[in-house]
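Observations on the model geometry
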Amino acid sequence: MGMHPVQVIAVTGGKGGVGKTNVSVNLALALADLGRRVVLLDADLGLANVDVLLGLTSKRTLADVIAGECDLRDVLIQGPGGIRIVPAASGTQSMVQLSTLQHAGLIQAFSELGDELDVLIIDTAAGIGDAVVSFVRAAQEVLLVVTDEPTSITDAYALIKLLNRDYGISRFRVLANMAHAPQEGRNLFAKLTKVTERFLDVALQYVGAIPYDESVRKAVQKQRAVYDAILGRSPRWRSRPLRRRSIPGHCLPPRVGTWSSSSSD
Ligand SMILES: Nc1ncnc2c1ncn2[C@@H]1O[C@H](COP(=O)(O)OP(=O)(O)OP(=O)(O)O)[C@@H](O)[C@H]1O
Ligand SMILES: [Mg+2]
């Protein structure tokens, strides 16, 4: 004991392409800006993303740790803004079929880094497969990235249902991504809670909405995080402090692309 706790946040959502990786990377950078020591785990075991998004390359990956060929420390690569990244193994089929036990062992491996680390952000794969579930189970915070499309809401619901019924997870945070207006995020959250309240005993918390913004796509093309690339320059991504209300133990990024509450739509 005596080691300080690591805050583990799983970024997930069910559907593919809703922005999980972008949210993970930018959340990592924002928390690092607040002085947190952040490690970003690319848990998309089928198809590595984070290193590609940030234009990083690595020789060793999570696969080597699991195979017992190296230590987690040997795998960490330095990312932008002082964050450190554990790259996934790209296209290694065997990684997709990791047993639950192996996943648990993997998360356990992070305790090795306990005194060098404040926040561990896990960028999960799409879907509700075993790998996603075991990473989410290892986290204290589940951040669901959802977009206002029927498929995203349905997939998020399926994931919540599975995690709740089979694993007793009952607290979820919901972040609306690619919203075209602030109200779109609220509406999406209302649609989701309408079904969860009816069928499940879970507590959903609305975190906010990230605007749909072409700059995100452009930043990705340049292999830069939007947090680095455009923040403060685009009026839509206005820089303003967020109230530090919602996550005990850590707080939301001080500046994220949200609409200012004072601005009218
Ligand atoms: N707020 C946004 N505005 C515009 N484009 C966005 C936004 N967020 C994400 N995107 C774009 O959507 C695409 C998917 O994003 P991302 O890779 O983060 O999704 P994902 O959920 O991690 O996908 P996967 O399920 O494949 O891992 C990318 O091209 C990204 O640039
Ligand atoms: Mg991704």
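Above: the structure in question.
Reading guide: rules and limits
- Throughout this description, residue numbers start from 1 for each chain and increase along the sequence as written.
- To label them, take the chains in the order written and letter them from A, then take the ligands in the order written and number them from 1.
- In keeping with the predicted nature of the model, local features appear solely for residues at pLDDT of at least 70, side-chain atom pairs appear and are counted solely at 80 or more, and the whole-chain, interface and lining totals rest on all residues.
- Side-chain numbers here rest on the full set of heavy atoms in the structure, without hydrogens or water.
- In this text, buried Ala, Val, Leu, Ile, Met, Phe, Trp, Tyr and Cys residues form a nonpolar core when linked through side-chain atoms within 4.5 Å.
- Only protein chains enter the accessibility calculation, which uses a 1.4 Å probe; a residue is then buried when its area is under 20% of its type maximum, exposed when over 50%, and partly exposed in between.
- A helix here means a DSSP run of H or I that spans at least four residues, while a strand means a run of E at least two residues long, and both kinds are numbered starting from the N terminus.
- Only heavy atoms enter the contact rule, under which two residues are in contact if any of them lie within 4.5 Å.
- Here a residue is near a molecule or strand as soon as one of its heavy atoms is found within 4 Å of it.
- Pairing of N or O atoms within 3.5 Å defines a polar contact, subject to two protein rules: one partner must be a possible hydrogen donor and the other a possible acceptor, and residues neighboring in sequence count only if both atoms are side-chain atoms.
- Areas reported as accessible are Shrake-Rupley estimates using a 1.4 Å probe. Residue values count occlusion only from the protein chains shown.
- Basic side-chain nitrogens of Lys or Arg form a salt bridge, by our definition, when they fall within 4 Å of a carboxyl oxygen of Asp or Glu.
- Strand pairing requires that DSSP identify at least two bridges connecting the strands.
- Axis definition: a line fit to C-alpha positions, over the contact stretch in the case of helices; interaxial angles, taken between N-to-C directions, run 0 to 180 degrees.
- We call a crossover right-handed when, viewed with the strands running away from us, the connection from the first strand over the helix to the second turns clockwise.
- Left-handed describes a crossing in which the near helix is turned anticlockwise from the far one by less than a right angle; the clockwise case is right-handed.
- All residues other than Ala, Val, Leu, Ile, Met, Phe, Trp, Tyr, Cys, Pro, Asp, Glu, Lys and Arg, Gly among them, are scored as polar; the first ten of these are nonpolar and the last four charged.

1. Notes on the nonpolar core
Ranked by internal contacts, the top residues of the largest apolar core, which has 48 residues, are L41, V86, F110, L120, F172 and L192. If you tally residues by element for this core, the top one is helix 8 (residues 150–167), at 6 residues. Residue contacts for L192: discarding those within four places in its chain leaves V146, I153, A156, Y157, I160, V174 and L204.

2. A look at the site of ligand 1
Inspection of the region around ligand 1 gives 19 residues, with K20, T21, N22, N177 and P211 positioned closest. Between ligand 1 and G17 there is a distance of 3.0 Å, counted from an oxygen atom to a backbone nitrogen or oxygen. One of the side-chain N or O atoms of K20 is found 2.7 Å from an oxygen atom in ligand 1. Summarising the interface, the protein chains cover 83% of the accessible area of ligand 1, which totals 630 Å² for the free molecule.

3. As for the pattern of salt bridges
Tallied over the entire structure, the rule returns 6 salt bridges. Note that R84 is salt-bridged to E116, the shortest N-O span being 3.8 Å. Separated by 32 residues along the polypeptide, R84 in strand 4 (residues 84–86) and E116 in the loop between helix 6 (100–109) and strand 5 (119–124) bring together distant segments of the chain. On the basis of relative accessible area, E116 is assigned to the partly exposed category, the value being 26%. Taking the shortest distance from any N to any O, the salt bridge between D148 and K191 comes out at 2.8 Å. Of this pair, D148 sits in the loop between strand 6 (141–146) and helix 8 while K191 sits in helix 9 (residues 182–199), and the two are 43 residues apart along the sequence.

4. Considerations on the sheet that holds strand 2 (residues 38–43)
Spatially, the 8 strands line up as an open sheet ordered 3-4-2-5-1-6-7-8, and their pairing is mixed. Each of the sheet's edge strands pairs with one partner strand only, and the pair in question is strand 3 (77–78) and strand 8 (203–211). Sheet strands touched by helix 1 (residues 20–33): strand 1 (7–12), strand 2, strand 5, strand 6, strand 7 (171–179) and strand 8. Its angle to strand 5, the strand with the most contacts, is close to 170°.

5. Notes on the pairing of strand 8
With 7 of 9 residues buried, strand 8 is to be regarded as a mostly interior element. Two elements, strand 7 and strand 8, share 7 bridges in a ladder whose sense is parallel. Bridge assignment links R171 to a residue of strand 8, and that residue is A203. As for the winding sense of the linkage, the β-α-β connection from strand 7 through helix 9 to strand 8 is right-handed.

6. Topic: the packing of helix 8 against helix 9
Axis separation between helix 8 and helix 9 bottoms out at 10 Å; the angle between their running directions is 35°. Considering how the two elements wind past one another, helix 8 and helix 9 form a crossing that is right-handed. Touching I153, A156, Y157, I160 and R165 of helix 8 are L188, K191, L192, V195, T196 and F199, all from helix 9. Broken down by class, the residue content of the contact of helix 8 with helix 9 amounts to 8 nonpolar, 1 polar and 2 charged.

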